[in-house]
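# Descriptive analysis of the structure
Below, each chain spelled out in residue letters.
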Amino acid sequence: MRTGLIFLVLAYVLSQFYRAFLAVMAPVLDTDIGATAEHLSRASGLWFIVFAVMQLPVGWALDHLGPRRLAAGLLALGGAGGAAMFALAQGPGHVQIAMMLIGVGCSPVLMASYYIFARMYAPAVFASLAGAVIGIGALGNIAAALPMAWAVEILGWRETMWGLAAVTLIVAVAILIFVIDPPNARREGAPKGSLLDLLRLPALWFILVMMFVNYTAPAGLRGLWAGPFLEEVHGLGSEGIGWVTLAMGLAMVVGNLAYGPLDRVFGTRKWVVVVGNGLALACLALLWAAPTANVWVITALLAGIGLFGSSFPMIMAHGRSFFPPQLVGRGVTLVNMFGIGGVGLFQFASGSVFASASKGAASPTQPYQAVFLFFAVPLALGIGVYLFSRDRTD
């Protein structure tokens, strides 16, 4: 099982990569196939929306079929197939379809790991294991920064995408070979409960609201808007964008690893999430207030958003504490659906916000300030709702 988990984590590295690599490819895609920042915001948003919608069938399949064939099959067909289509893209529409396919392919890999953890490990260590997977997976964010910029410059973006398609297919085959489904995964399925049983838990709704807004700013900025912002406002090229987004990606790695054990350190999940997201909100507010600060300050603020906004595993562990055993698969995918769905909807809508703010803008900073505010206000509201949640650490 250890080898299988290694390949599931590698698959999640690819998932993190695919949700973030458009930022450094924005300039070359605009030049080569006319894919503007607005087009790419929609492509990125579609990735997250498709990923989120897939969580419902993925949850059912985990509880009924187990993680091995599900993760391997979708990653091979959607992930590798979508990357191949991206390599062949001739226009923005092709990129958007390719990103949707990749979203399907990546949709089961993290939840497959969480499903195994929930069935085979003690609940007390779930947050640490979940944080470790996301922390290691965030290396994909790093690979999608400067290394991706170098690969595109040296090899070309089409050749790079063909290479990614091959790597994705290899990882999918390894998952099929090495992952072992947990015992009784099929037998303990739907007859003992349904998704409606989860939705009837009042305590879960406050958590779902927080999950819906928690990841929108880190994913939205790291995955797309940091690139155009740094290019148009601060005059950075692909390499400079790569360095700044690398710093944000490293901060997200540290944040995910650091959040994991904090519930055992402080004896609370709720207040770890509240304080962390409050700090992320402060960084986002400063970015909105001072978008023309020097690049070092901007880098620090983006890194702060990545660091403090990486509370996904802690929120997931908070939700996990309310799930009955027979609904673990559908429970973790439900919470994940809200998290990824929120990113997708905000990412998709952010393109329209940017386009509207660009009309008659007195400076290039104003449209980006509108985007930063668009991420900040819902996060503040989400923290306010989450304050009413019931803390639970068992």
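Everything quoted here is computed from the prediction, not taken from an experiment.

## Details of the packing of aromatic side chains
Taken as a whole and judged by the stated rule, the model has 18 aromatic pairs. Ring geometry for phenylalanine 86 versus tryptophan 157: centroids 6.1 Å apart, planes at 80°, classification edge-to-face. Of this pair, phenylalanine 86 sits in helix H4 (residues 67-87) while tryptophan 157 sits in helix H10 (residues 157-178); the two residues are 71 residues apart in sequence, bridging distant segments of the chain. This pair shows no difference in class: phenylalanine 86 is buried, exactly as tryptophan 157 is. A network of ring pairs unites the aromatic residues Phe17, Tyr18, Phe21, Phe86 and Trp157 as a single cluster. Seen from the ring of phenylalanine 51, arginine 19 lies directly overhead, with NZ or CZ sitting 5.6 Å from the centre.

## Quick word on the nonpolar core
In terms of nonpolar packing, the biggest core is built from 132 residues, with Tyr18, Phe21, Phe86, Tyr114, Met161 and Leu221 touching the most fellow members. It is helix H3 (residues 37-64) that provides the largest number of residues to this core, a total of twelve residues. Non-local contacts of leucine 221, meaning those with residues more than four positions away in its chain, are made with Ala226, Met248, Leu284, Leu287, Leu302, Ile305, Phe372 and Phe375. Of all hydrophobic cores here, the second largest spans six residues; its members include Ala138, Ile142, Leu146 and Val253.

## Examining the packing of H4 against H10
Across the interface, H4 lies against H10 with an axial gap of 8 Å and an inter-helix angle of 170°. Taken together, H4 and H10 sit at an angle that is classed as roughly antiparallel. The segment H4 lies against H10, with Arg68, Arg69, Ala71, Ala72, Leu75, Ala76, Gly79, Ala80, Ala83, Ala84, Phe86 and Ala87 engaging Trp157, Arg158, Met161, Trp162, Leu164, Ala165, Thr168, Leu169, Val171, Ala172, Ile175 and Leu176. Class assignment of the residues belonging to the contact of H4 with H10 gives a composition of 19 nonpolar, two polar and three charged.

Rules and cut-offs
Residues numbered from 1 in each chain as written. Predicted model: local features only at pLDDT ≥ 70, side-chain atom pairs only at ≥ 80, totals over all residues. Heavy atoms only, no water. Phe/Tyr/Trp six-rings, centres within 6.5 Å; stacked < 30°, edge-to-face > 60°. Helix = DSSP H or I, 4+ residues; strand = E, 2+ residues; numbered from the N terminus. Buried < 20%, exposed > 50% of the residue type's maximum accessible area, 1.4 Å probe, protein only. Lys NZ or Arg CZ within 6 Å of the ring centre and 35° of its normal. Core = buried A, V, L, I, M, F, W, Y, C linked by side-chain atoms within 4.5 Å. Contact = heavy atoms within 4.5 Å. Axes fitted to C-alpha atoms, helices over the stretch in contact; angles between N-to-C directions. Parallel < 35°, antiparallel > 145°, perpendicular 65-115°, else oblique. Nonpolar A, V, L, I, M, F, W, Y, C, P; charged D, E, K, R; others polar.

Nothing here speaks to function; it is all geometry.
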